[in-house]
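Commentary on secondary and tertiary structure
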Amino acid sequence: MPSEPPADATPVDLLNQAQAGDGQARDRLLGWAYVTAHSYYRKKSDVESALTLADAEDLASAFYLEFTKAWPRIRVVYNYTRRMLKNNLRRHLIRARTRHGREVLLSHSELLYRFEAQLAAAPATGSEWNDRDWLRHRVIGRVIKAADEQTRELVRFRCADPAMTYGEIAQRVGTSEAALRMRMARFYETVRKVHALASHHTSEHGYS
């Protein structure tokens, strides 16, 4: 069994060890990738008007999922990370500017907040939703129902009013903030996959 990577191991060290088959190094490398992406996009949301905090969460989750697939092939981890973070941000900003003056689709995070609000509030909460909002609403509800109890609890805490931070939730449930962020990233990925399938099915039947 390989020994645990030292606390001061750099991402370069972790990548080399992970590619050599060290599972602990891989887990720490993935944690570093998520925290790095989250910090980058949260800071960018302070200076980019088209980047909300919900967008920053989604971009960090998307980067993490890309990284989990790419790390076995990465050669220079810092270069890869820097390039992908910037490219993803640039694509997001281009899409946001392109949508100017047209319907702006809600992010999954905002829809989760709406979903939780509707469960607790009067029926009129969702009166202004369009068909796409209701489709996302049904998808999110389906994914939450199928999730394990830890994930459902995390979603409830994140969508409370006011929302609990990952740090507050970590202290409450006795786990690490990075573990909670990665769990939420996996939840969002499941929502996206189920939503894509539901959208495709809806389009095939001639309504949206």
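Criteria and cut-off values
- Residues numbered from 1 in each chain as written.
- Predicted model: local features only at pLDDT ≥ 70, side-chain atom pairs only at ≥ 80, totals over all residues.
- Heavy atoms only, no water.
- Core = buried A, V, L, I, M, F, W, Y, C linked by side-chain atoms within 4.5 Å.
- Buried < 20%, exposed > 50% of the residue type's maximum accessible area, 1.4 Å probe, protein only.
- Helix = DSSP H or I, 4+ residues; strand = E, 2+ residues; numbered from the N terminus.
- Contact = heavy atoms within 4.5 Å.
- pLDDT = per-residue confidence, 0-100.
- Arc of directions from axis to C-beta.
- Polar contact = N/O pair within 3.5 Å; in protein donor to acceptor, adjacent residues only side chain to side chain.

1. Considering the nonpolar core
Within the largest apolar cluster, 31 residues are counted, with the highest numbers of intra-cluster contacts made by L29, Y41, F63, F67, W71 and I74. Mapped by element, the contributors of at least two residues to this core are helix 1 (11–19), helix 2 (23–45), helix 3 (53–70), helix 4 (77–98) and helix 9 (177–204). Each residue touching F67, except ones within four places of it in the same chain, is listed here: L29, L30, W32, A33, I74, V77, Y80 and T81.

2. Examining the confidence of the model for the protein
The pLDDT averaged across the protein works out to 78; a share of 74% of its residues lies at or above 70. The weakest mean pLDDT in the protein belongs to helix 5 (residues 108–120) at 50; the strongest belongs to helix 1 at 95. Taken together, the stretch residues 100–107 has pLDDT below 50 and engages in twelve contacts with residues farther than four places along the chain or on a different chain. Counted against residues more than four places away or in other chains, residues 116–127, with its pLDDT under 50, gives nine contacts.

3. Regarding helix 7 (residues 149–158)
Residues T151, L154, V155, F157 and R158 constitute the buried set of helix 7. For helix 7, the angular spread of buried residues about the axis comes to 160°, placing them on one side. If you check the start of helix 7, you find a side-chain oxygen 3.1 Å away from the backbone N of Q150, and it comes from D148.

4. A few points about the environment of R186
Its place among the elements puts R186 in helix 9. Its relative accessible area of 43% is what places R186 among the partly exposed residues. Taking C-alpha positions, R186 is 7.9 Å from S61, a pair spaced 125 residues apart along the chain.

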